[in-house]
Amino acid sequence: MELSQDTKNILGLQLPTDPRWVDLAEISLEGILTDHAYCEQKAATTCITLIQRYSDKVKLVQDLAPIVTEEWGHFRLVLAELHKRGLHLGKQRKDQYVNKLMEFQRKGGHYDDRFLDHLLMMALIEARSCERFKRLSEGLNDEYLRNFYRRFMESEAGHYTLFLELAETYMDKEKVRTRWKEWLHYENAVMASQEVRGDRIH
Ligand SMILES: [Fe+2]
Ligand SMILES: [Fe+2]
């Protein structure tokens, strides 16, 4: 499935990935697969945290429960790919991208604002992951891996949409859109300040 122009526009990311990144990723395959595996693990873990924290929100719990399974399934797919290639799952690195995003999350103040930021940060990580997987699905020399990443790209596009939909389910749509733009703007600055490294998804 090719992402529609609409989906690309909705993704809204302001800074496309540096084209050199795919080439760097291809030559550090063990590193990129390790990092990818942990991204999937963190996605599963965060969905569990959201379910625990917002257990009173029926739709959120219903919608995120299967995502936990899906993200963990992604982790297992990446792990299998490492083993198939005789590569090993390395150590988890410090995730500078996510740490930077967390700095933008409102820590105090109104409960709804913190809830909104939690959902939007997840949407943003899914959107950026989707964009990165798209780059890999188009730019890698290995045809098998191009298809491998195409499937992840499709999945993460669905998750990105789900987190935005959840935000709009529980909060005023205008408020969601305004804050989403602020997040996109902030993410642009974070991406621009990041070193281009082939052993990192973000
Ligand atoms: Fe995933
Ligand atoms: Fe995801």
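Here's a quick rundown of the structure. (Residues numbered from 1 in each chain as written. Chains lettered and ligands numbered in written order. Predicted model: local features only at pLDDT ≥ 70, side-chain atom pairs only at ≥ 80, totals over all residues. Heavy atoms only, no water.)

**Concerning the coordination of the iron ion (ligand 1)**
Piece 1. Coordination of the iron ion (ligand 1) by the protein is provided by E40 (OE), E71 (OE), H74 (ND1) and E156 (OE), with metal-donor distances spanning 2.0 to 2.2 Å.
Piece 2. Classification of the site at the iron ion (ligand 1) rests on its 4 donor atoms, whose angles at the metal span 89 to 143°, yielding the label irregular.
Piece 3. Mapped onto the polypeptide sequence, the residues donating to the iron ion (ligand 1) form the spacing pattern E-x30-E-x2-H-x81-E.
Piece 4. Separating the iron ion (ligand 1) and the iron ion (ligand 2) is a distance of 3.5 Å, and E71 donates to both of them. Residue H74 is located in helix α4 (residues 58-84), and its partner E156 is located in helix α7 (residues 143-170); the two are separated by 82 residues in the primary sequence. You'll find H74 and E156 in the same group, each marked buried. (Donors = N, O, S within 2.8 Å, 3.2 Å for Na, K, Ca; no water. Tetrahedral: all angles 85-135°; square planar, octahedral: opposite > 155°, others 65-115°. Helix = DSSP H or I, 4+ residues; strand = E, 2+ residues; numbered from the N terminus. Buried < 20%, exposed > 50% of the residue type's maximum accessible area, 1.4 Å probe, protein only.)

**Focus: the packing of helix α3 (residues 29-53) against α7**
Piece 1. Close contact between α3 and α7 brings their axes to 14 Å; oriented N to C, the two are set at 25°. Between α3 and α7, the angle falls in the class roughly parallel. Of the two elements, α3 crosses α7, and the hand of that crossing is left-handed. Contacts from L29, L33, H36, E40, C47 and L50 in α3 reach L145, F148, Y149, F152, E156 and F163 in α7.
Piece 2. Here the residues of the contact of α3 with α7 sort into 9 nonpolar, 1 polar and 2 charged. (Axes fitted to C-alpha atoms, helices over the stretch in contact; angles between N-to-C directions. Parallel < 35°, antiparallel > 145°, perpendicular 65-115°, else oblique. Left-handed = near helix turned anticlockwise from the far one by under 90°. Contact = heavy atoms within 4.5 Å. Nonpolar A, V, L, I, M, F, W, Y, C, P; charged D, E, K, R; others polar.)

**Quick notes on the coordination of the iron ion (ligand 2)**
Piece 1. Only E71 (OE), E126 (OE), E126 (OE), E156 (OE) and H159 (ND1) from the protein coordinate the iron ion (ligand 2), and they sit 2.0 to 2.4 Å from it.
Piece 2. Each donor residue of the iron ion (ligand 2) belongs to the same chain, with the gaps between them written as E-x54-E-x29-E-x2-H.
Piece 3. With a relative accessible area of 4%, E126 lands in the buried category.

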